[in-house]
Amino acid sequence: MKDYLVLRNSIIKLYKKNEPASESAVRFLAGFIVFLCVASFMPYGLISLKTLAVAVLGGVIAVFATPSIFIVSAGIILSVCATLSSIEAGVAVAVFAFIGYLMYGRIFPKESLLFVAMVVLYKLRLPFIVPLIAGIYVGPAGIVPVCAAVFAVDFAYIIRQIITALPYSEFTVSGILQDSMTALKYLYEGIMSYSRGIIAVSAVLAVGIIVSWAINTSFTDREKEKGILSNGIILFLGIVICSILSYTSRAVSFGIFGTLISVVISMAVCYVITIFDCVKDYDKTEKVQFQDSHYVYYVKAVPKIEFAENNKPKKSKIKVEDGFRKVKKTSNKKSNDFE
Amino acid sequence: MEDLKKVRTMIHLAIYDKRYGEKDRRIVSHYRHGYVSKKNMSVRAGIILGFLIWECVKLLYYMMFMDSVFLSMLTKEYAIKEAVKLILLLVVFSVFSTVKYKRQYDTAQKRTDEYERRFDKLCQYEDNTPERTV
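Residues numbered from 1 in each chain as written. Chains lettered and ligands numbered in written order. Predicted model: local features only at pLDDT ≥ 70, side-chain atom pairs only at ≥ 80, totals over all residues. Heavy atoms only, no water.

**A short note on the pairing of strand 1 (residues 286–291) of chain A**
Residues and elements named next belong to chain A.
Part 1: Among the six residues of strand 1, zero are classified as buried, and the element is accordingly described as predominantly exposed.
Part 2: Bridging between strand 1 and strand 2 (residues 296–301) involves six bridges; their strand directions are antiparallel. Bridging from a neighbouring strand, phenylalanine 290 pairs with tyrosine 297 of strand 2.
Part 3: Count of turn residues in the strand 1/strand 2 antiparallel hairpin: four residues. (Buried < 20%, exposed > 50% of the residue type's maximum accessible area, 1.4 Å probe, protein only. Helix = DSSP H or I, 4+ residues; strand = E, 2+ residues; numbered from the N terminus. Pairing = 2+ DSSP bridges.)

**So, the packing of helix 2 (residues 19–39) of chain A against helix 3 (residues 49–64) of chain A**
Residue and element names in this part refer to chain A.
Part 1: Contact pair helix 2 / helix 3: the axes reach a minimum separation of 7 Å and the direction vectors enclose 140 degrees. When the interaxial angle is binned, helix 2 and helix 3 end up oblique. The interaxial crossing formed by helix 2 with helix 3 has right-handed handedness. Contacts between helix 2 and helix 3 involve Ser24, Arg27, Phe28, Gly31, Phe32, Phe35, Leu36 and Ala39 on the former and, on the latter, Thr51, Leu52, Val54, Ala55, Val56, Gly58, Gly59, Val60, Ile61, Ala62 and Val63.
Part 2: Of the residues that constitute the contact of helix 2 with helix 3, the class distribution is 13 nonpolar, five polar and one charged. (Axes fitted to C-alpha atoms, helices over the stretch in contact; angles between N-to-C directions. Parallel < 35°, antiparallel > 145°, perpendicular 65-115°, else oblique. Left-handed = near helix turned anticlockwise from the far one by under 90°. Contact = heavy atoms within 4.5 Å. Nonpolar A, V, L, I, M, F, W, Y, C, P; charged D, E, K, R; others polar.)

**Describing a nonpolar patch on the surface**
All names here are of chain A.
Part 1: Taken together, Phe28, Leu49, Leu52, Val56, Val60 and Phe64 make up a surface patch of nonpolar side chains, about 600 Å² in accessible area.
Part 2: With five residues, the single largest contributor to the nonpolar patch is helix 3.
Part 3: The topology assignment puts valine 56 in helix 3.
Part 4: Valine 56 sits in the partly exposed class, given a relative accessible area of 35%. (Patch = residues over 30% accessible without salt bridge, like charges linked within 9 Å, V, L, I, M, F, W, Y side chains within 5 Å. Areas by Shrake-Rupley, 256 points an atom, 1.4 Å probe, with all protein chains shown as cover. Salt bridge = Lys/Arg side-chain N within 4 Å of Asp/Glu carboxyl O.)

**Overview of the nonpolar core**
Within soluble globular proteins, side chains that are nonpolar tend to cluster in buried spots.
Part 1: Of all hydrophobic cores here, the largest spans 78 residues; its most connected members are Phe35(A), Ile159(A), Ile162(A) and Leu187(A).
Part 2: With 14 residues, helix 9 (residues 176–217) of chain A is the largest single contributor of residues to this core.
Part 3: If you count residues domain by domain, this core takes at least three from each of domain 1 (1–107) and domain 2 (111–164 + 177–281) of chain A.
Part 4: Those residues within four positions of Ile159(A) in sequence are excluded, and the remaining contacts are Phe41(A), Ala89(A), Ala92(A) and Val93(A).
Part 5: The next biggest cluster of nonpolar side chains, apart from the first, holds 18 residues, and it includes Tyr104(A), Phe108(A), Val43(B) and Leu90(B). (Core = buried A, V, L, I, M, F, W, Y, C linked by side-chain atoms within 4.5 Å. Domains from an automatic or database assignment.)

**A look at the interface of chain A and chain B**
Part 1: At the junction of the two partners, chain A supplies 20 residues and chain B supplies 25 residues.
Part 2: When chain A packs against chain B, close to 2200 Å² is buried across both sides, 80% of that on carbon and sulfur atoms.
Part 3: At the junction of chain A with chain B, the criterion picks out zero salt bridges.
Part 4: Put simply, the parts of the chain that give the side of chain A that touches chain B at least two residues each are helix 5 (87–105) and helix 9 of chain A. (Buried area = accessible area lost by both parts, 1.4 Å probe.)

**Topic: unusual backbone geometry**
Residue and element names in this part refer to chain A.
Part 1: In this model, arginine 125 sits at a positive phi of 60 degrees, which is unusual for a non-glycine residue.
Part 2: The residue arginine 125 is located in the loop between helix 6 (112–123) and helix 7 (129–138) in this model.
Part 3: Positive phi, close to 60 degrees, is recorded for serine 246, a residue that is not glycine.
Part 4: Looking at the secondary structure, you find serine 246 in the loop between helix 10 (223–244) and helix 11 (255–277).

**Re the pattern of salt bridges**
All names here are of chain B.
Part 1: One pass over the full model with this rule turns up eight salt bridges over all chains.
Part 2: Its salt-bridge partner being glutamate 82, residue lysine 58 comes within 3.5 Å of it at the nearest N-O pair. With lysine 58 in helix 2 (residues 32–65) and glutamate 82 in helix 4 (residues 76–128), the pair connects residues that are 24 residues apart, well separated along the chain.
Part 3: Given the relative accessible area of 10%, lysine 58 is considered buried.
Part 4: A salt bridge links glutamate 82 to lysine 85; the nearest nitrogen and oxygen atoms lie 3.3 Å apart. Here glutamate 82 and its partner lysine 85 are both found in helix 4, three residues apart, which amounts to about one turn of the helix.
Part 5: On the accessibility criterion, glutamate 82 (6% relative accessible area) is buried.
Part 6: Residue class for lysine 85 comes out partly exposed when judged on its relative accessible area of 38%.

The following block contains the structure:
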């Protein structure tokens, strides 16, 4: 544990040392991955120059733009990419991206990043990381983007069906009405057939987030660990029950064993993230009670675990003058008047 | 030393102006209730528009593929059922947006008050500084 914490400290130190560059690099990478997923709707495959160009564009947007602009750009680019594969699919994506923006994206732009993260992590079969993180750090505001992501994964599957049925190469102006109706049929019937599963899975995720948030905001010891554990158990049991009742979504349908592995790995990742946030020493918890004229205060103080860096002993500059040893002290203290 | 304090205050003011200034001033130029109401109206308009688009998709589907059901759907009961759904959505989103925009207004107000406090302090430094003669 100590080695791990020292490693953590050195990583944080390295990050902070080059903070502007590190932040830009992380944002670029996140944008690159998101737009790579978006570009997968193009007919060129994942390994092509055009796909790479879209992904790089996403990275650049992520570095320079605000979350709301990033979300809107992702929606627009997704519509364009889907249009290149099938015009009807492109229109469907544009309509639903617009509805999503109207009903959520513009109200909670920052929380919408959870939506993007969950859709991307679904590709890695680790979508549970997002509800676990939302339970610890975001709270109930994270419920809607997480549920929207569950819908988006099923919606993406419907869009792929439309792309297969109505490819761009077979598009004709004379058949536009008939093709639009076929796309509408795929879209509506697809959404209706998945709606029960989406609602059931969303309910499980929402319960997990609320329970985890409630535990995390209570004054108990190891609240984050308990929050992650309880959320993980709720997610696993809930998803398994949904699978048994056939109320499941593609976003979480990995089979019982797959779900177990995914939840456990997600919990481990979430735990590591909480350690990077802060490590508390619960053995040295102090409880104090005092009062003033209006209130009685019950204070619980939990110290953070901090490891001192292995500083090399500094060489003192020694001057010998007139037979007396004068030591010039080296000081780390800089003039820090602006802090 | 006095000059250093002045410079420090000016830095804080400049940082605020760069990061939040314009946005905060736009927010606090309204009354709290007015700002929240205005934002809520905008959210509700968005919800109604989104809901109507979805209803259009739904009705178009029934009109094209289930025309017998479509005709029987167009009743008062259907309209009431959909209206109830819309009202429910509006209530939920109004709660969310009220909480969010009230919090946003309070934060902006707090930051603006702090800015004004620092600005007054800067003015005091300016008043106390003796005029330099060339």
